[in-house]
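A structural walkthrough
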Amino acid sequence: MTARTGGLRHSLLTKIFASVSLTLLAGVAGWTWFNLHHQRQTTMEHMVTGADRLSNTIRLASHYAMLHNSRDDLRQIIRNVGRQRDVEAVRIYDKHGTIQFSSIYGEVGQSTNIKAEACDVCHRETPPRANAPLDQRTRIFTAPSGARMLGILTPIHNEPSCSGPPCHFHPPDKTVLGAMDMVLSLREADAGLAVYQRNSIALAALVFLFTTYIILLFVLRFVKEPVLALIQGTRLIARGEQIPMDDLDEADEMGQLVAAINRMGRDISAKQAELNRQRDEYQGLFETVPCLITVQDRNYRLLQYNREFAERFAPQAGDFCFHAYKGRDERCENCPVEKTFRTGRPHFSEEAGYNKDGSRAYWLVHTKPIRNERGEVVAAMEMCLDITQRKMLEEKLERSENKYHAIFNQIPNPVFVLDRQTLDILDCNDAVLPVYGHPRERLLGTWFPALFAGGDPAGHAARLRSESALNQVRHLTSTGRPIYVDISLAASEYAERPVLLAISRDITHRLETEQQLIQASKMATLGEMSTGVAHELNQPLSVIRTISGFFMRKLRKKEPMDEKTFILMAEGIDQNVERAARIIEHMREFGRKSGLKLERVHLDAVLRKAFDIFEQQFRVHGIVPRWELAESLPPVLAEPNRLEQVVINLLINARDAIEEKRAAAGADTAPPAPSGPPVPGTATDPDAEAPAPDEVRLRTMVRDGRVIMEVEDTGTGFPPGIAENLFVPFFTTKEVGKGTGLGLSISYGIVKDYGGTIQAESLPGGGARLRVEFPPAPENGRDAEGGDAPSGRDMGSPPGASQGTPGAAS
């Protein structure tokens, strides 16, 4: 009996029949309930409408009797209406709630509570409402006999005929004179509804049973029998056969289902063959995978292992993991397999042991639980990857990192590791402390451009990202003292992130030494030019002395002097005093110590100012200057005083080269100087009767975006063999005692500091040309100091072959 009950419960026929029957039952029940509800609601609406119509009929019928105050007629009308079937009571209340007329004789004269159920419809508000909708004037209640009653209250309004003739009884301001309450029995209506309800339920039950029977026959014929046939067919498919299609209509759904099942059987067979192939393939992969794979039970006994494990450790049957791996008699203290059994999750670890040949080995261990169909962990798979070579490389890398970290800290110059995007300091070496005064820990994480002194930090950051070297930039130490450094930049990687390596070299002492050397060179140049300067000063002094002698003679002789002559003589004294003061001021400015602040400088102005010192010397030595100055020459970024020193060195070099040529030719005296001072911007007339044999050409131009200044002489030139040594410090071609060998070397360093180049070439037929090129100053016109100075090589570093052919040596 139990087996049969279980079979019915799991039967497809039972499930389909039960689901369809329940659905049908729910539909029929819902339809019946809705029909009964609708019928009940319709019946009640008809009853209420009829009661309201009857109440209005009674009110209209009694209107005449009320108008003539015929109480007997009104009483008779009420009693006659009350005798009708289903009319339980008819009452007329006055405005105080007293029953004036009633179909029940004993109720006349009784007073009712005006807040009672019938009257509360209008008297719940103050003042009472004159009108109320029908649904609020209707009530349904149960009589003591148990029958349901329908009560309807109809107000009796004060009409014009009630307050006027013929009645004149009620005042006109009264709206409602009373109310008529009629109670109807719902006994017959309820009985009719009960009959309708029984008939509806019976019809619904009949429809349900008939439809259920039809569904049962349909399911038995078109569902159960084909399903049983399909079950038998699946058994055939399980044996590798196919369902016979002889008795089936292949065009209907069942035939199509059988055909689909046959195709599915063929597909399953093909898939099974593929699965068997994949099983064999993965088994082969398991055996040949180049890592150690074992399957262990909860006692760490080896259940299965691959060929690699067998060849390396040669385990015995029933061997334990820890014994096969490491020759231990108990499990390892930090065993990932034990953790997998305990937590049910994969685990990773790094293990060390020995191979079968006794060599040291390292493995990366990965364990994973193996669960049964209930989700319980019954075994663990352990896969070990041999990382011995990688471990050895890591140890070598660690030793290498330690070595290079030691080298990094022993570099004598400060080295900063900067984030390439933010320029934050990620690391620095120990040399930062003696140079900057900051301990390494304080600088880590700070912004590197914050070390710069002056200028725009954003501009410094932009230059750090775009340039490979920054020369003569100003940094601040921890005490606020400015220092000058050269910074070399290189892109690299640090901790797998792009960085900049910034190597800082303190050049403060070197710059101070260079300044002292340049200042000494200036003093030597001033000493060398002392004769020419003295001659320059003698001329205005001679004029002043001549004029003063003229004044003394006039005063001694007490001769009168006309005003025009006196003014002319006084103006001569003033002009020559001003000229002498200008020469002295020029020498004082030239002799002062130069700064490092860069300005926008015009080469024409520097060239004219430097030539002022040599104007008289060139005239005395018969050297003719030829000026070829370009118009609208763009400015360059430099320090005027140091740039003037370069021009003076070039002029001295040209003057000495001409003097050497004359000495070699045996010319003891110079050719006569041309009359009149040279005028800058013009050339000496080549058609003059006595042209000067020696000249210096002073030329400026713009070529290929570079501002160029050339000083060309007609001196001895230089032999090609000394070209590479021309700008080396202390190298000179002059006789002992006539040159220091620092003029061109200092000039080379100054030009390089301003981002320029200096070249020299020997001219055909004698003479040399020295060319100085500068980049034009930026359009924004800003001056530069410290970190804004153009990059260049150190003063005193000999130029390479890229600097062109050297010129005459100092």
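Residues numbered from 1 in each chain as written. Predicted model: local features only at pLDDT ≥ 70, side-chain atom pairs only at ≥ 80, totals over all residues. Heavy atoms only, no water.

Some words on the overall build of the protein chain
- Assigned secondary structure in the protein chain consists of 22 helices and 23 strands.
- Burial analysis of the protein chain (810 residues in total) assigns 39% to the buried set.
- Restricting to contacts in the protein chain with at least 6 residues of sequence separation, those with at least 24 account for 60%.
- Accessible surface for the protein chain amounts to roughly 45600 Å². Of this, 56% is attributable to carbon and sulfur atoms. (Helix = DSSP H or I, 4+ residues; strand = E, 2+ residues; numbered from the N terminus. Buried < 20%, exposed > 50% of the residue type's maximum accessible area, 1.4 Å probe, protein only. Contact = heavy atoms within 4.5 Å. Areas by Shrake-Rupley, 256 points an atom, 1.4 Å probe, with all protein chains shown as cover.)

Considerations on the pairing of strand S2 (residues 99-102)
- The pairing of strand S1 (residues 87-94) with S2 spans three bridges and is classified as antiparallel. Within S2, the position partnered with Arg 91 by the bridge is Ser 102.
- A loop of four residues connects S1 with S2, the two strands running antiparallel in sequence, and Gly 97 in this loop sits at a positive phi of about 90 degrees. (Pairing = 2+ DSSP bridges.)

Concerning the packing of aromatic side chains
- Summed over all chains, the structure comprises seven aromatic pairs.
- With centroids separated by 6.0 Å and ring planes inclined at 85 degrees, the aromatic side chains of Phe 448 and Phe 452 adopt a geometry described as edge-to-face. The same class applies to Phe 448 as to Phe 452, namely buried.
- Look at Phe 611 and Trp 627: their rings are 5.2 Å apart centre to centre, the planes differ by 85 degrees, and that puts the pair in the edge-to-face class. (Phe/Tyr/Trp six-rings, centres within 6.5 Å; stacked < 30°, edge-to-face > 60°.)

So, the nonpolar core
- Residues Leu 603, Leu 643, Leu 650, Leu 651, Val 696, Leu 698 and Phe 774 are the most contacted members of the largest nonpolar core, which totals 42 residues.
- It is helix H21 (residues 640-664) that contributes the most residues to this core, nine residues altogether.
- Setting aside anything within four residues of it in sequence, one finds Leu 650 in contact with Val 711, Leu 744, Ile 758, Leu 770 and Val 772.
- Leu 464, Ile 487, Leu 489 and Ala 502 belong to the second largest nonpolar core, which has 22 residues in total. (Core = buried A, V, L, I, M, F, W, Y, C linked by side-chain atoms within 4.5 Å.)

A look at helix H8 (residues 187-238)
- An ideal rise of 1.5 Å per residue puts 76 Å on 52 residues; H8 measures up with 72 Å between its terminal C-alpha atoms.
- The largest bend in H8 is about 35 degrees, located at Leu 220. (Expected span 1.5 Å × (residues − 1). Bend = angle between axes of the 7 residues up to and from the residue.)

Some points on the confidence of the model for the protein chain
- Across the protein chain, the average pLDDT comes to 77, with 77% of residues at or above 70.
- Every residue in residues 672-686 scores below 50 in pLDDT, and together they form 21 contacts with partners more than four places removed in sequence or on other chains. (pLDDT = per-residue confidence, 0-100.)

Overview of the environment of Glu 441
- For Glu 441, the location among the structural elements is in helix H15 (residues 440-443).
- By relative accessible area, Glu 441 is classed as exposed at 59%.
- Sequence separation between Glu 441 and Cys 428 is 13 residues, and the spatial gap between their C-alpha atoms is 9.1 Å.

Description of the pairing of strand S15 (residues 498-506)
- Here strand S11 (residues 415-419) pairs with S15 via five bridges, running antiparallel. The residue of S15 that forms the bridge with Val 417 is Leu 501.
- Here strand S14 (residues 482-493) runs beside S15; their pairing, made up of nine bridges, is antiparallel. The residue of S15 that forms the bridge with Glu 493 is Pro 498.
- Counted along the chain from S14 to the antiparallel partner S15, the turn is four residues long, and its residue Ala 495 has a positive phi close to 55 degrees.

Focus on a nonpolar patch on the surface
- A cluster of nonpolar side chains, Phe 210, Tyr 213, Ile 214, Leu 217 and Leu 220, forms an exposed patch at the surface whose accessible area comes to about 490 Å².
- Relative to the helices and strands, Phe 210 is located in helix H8.
- With relative accessibility at 56%, the residue Phe 210 sits in the exposed group. (Patch = residues over 30% accessible without salt bridge, like charges linked within 9 Å, V, L, I, M, F, W, Y side chains within 5 Å. Salt bridge = Lys/Arg side-chain N within 4 Å of Asp/Glu carboxyl O.)

Considering the sheet that holds strand S19 (residues 694-703)
- Pairing is mixed across the open sheet formed by five strands, whose spatial order is S17-S19-S20-S22-S21. Each end of this open sheet is capped by a strand with a single partner; those strands are strand S17 (623-628) and strand S21 (757-762). In this sheet, adjacent strand axes meet at a mean angle of 15 degrees when their direction is disregarded.
- Here S21 runs beside strand S22 (residues 768-774); their pairing, made up of six bridges, is antiparallel. Bridged to Ser 762 within S22 is Ala 768.
- Along the sheet face, helix H20 (residues 603-620) touches S17, S19, strand S20 (706-713) and S22 and points at about 165 degrees away from the line of S17. (Axes fitted to C-alpha atoms, helices over the stretch in contact; angles between N-to-C directions.)

Side note on the pattern of salt bridges
- Per the stated rule, a full pass over the model turns up 35 salt bridges.
- The shortest N-O distance in the salt bridge between Arg 91 and Glu 107 comes to 2.5 Å. Here Glu 107 lies in the loop between S2 and helix H5 (120-123) and Arg 91 lies in strand S1, a separation of 16 residues in the sequence.
- The exposure class of Arg 91 is buried, given its relative accessible area of 14%.
- Between Arg 699 and Glu 628 there is a salt bridge, with the nearest N and O atoms lying 2.8 Å from each other. One end of the pair, Arg 699, is in strand S19; the other, Glu 628, is in strand S17, with 71 residues separating them in the sequence.

A look at the sheet that holds strand S13 (residues 469-476)
- With antiparallel pairing, the five strands of this open sheet are ordered in space as S12-S11-S15-S14-S13. Edge positions in the open sheet fall to strand S12 (425-428) and S13, since each of these has one partner strand only. Averaged over all neighbouring strand pairs, the angle between strand axes comes to 35 degrees, with direction disregarded.

Some words on the state of the cysteines
- Inspection of every chain in the model, using the stated rule, returns zero disulfides.
- Cys 335 provides the cysteine sulfur closest to Cys 321, a residue in no disulfide bond, and the two sulfurs are 6.2 Å apart.
- For Cys 335, a relative accessible area of 9% corresponds to the buried category. (Disulfide = S-S within 2.5 Å.)

Description of helix H4 (residues 71-82)
- Over its 12 residues, H4 extends 16 Å from the first C-alpha to the last, a length consistent with the 16 Å expected when each residue adds 1.5 Å.
- Regarding H4, the residues found buried are Leu 74, Ile 78, Val 81 and Gly 82. On an axial view of H4, the arc spanned by its buried residues comes to 105 degrees, and they lie on one face.
- Its buried side turned inward, H4 meets helix H2 (12-61), helix H3 (63-67), S1 and S2. (Arc of directions from axis to C-beta.)

Section: the packing of H2 against H8
- Where H2 meets H8, the axes come as close as 9 Å, and the angle between the chain directions of the two elements is 160 degrees. When the interaxial angle is binned, H2 and H8 end up roughly antiparallel. Between H2 and H8 the crossing geometry is right-handed.
- Of the residues in the contact of H2 with H8, the class split is 22 nonpolar, nine polar and two charged. (Parallel < 35°, antiparallel > 145°, perpendicular 65-115°, else oblique. Left-handed = near helix turned anticlockwise from the far one by under 90°. Nonpolar A, V, L, I, M, F, W, Y, C, P; charged D, E, K, R; others polar.)

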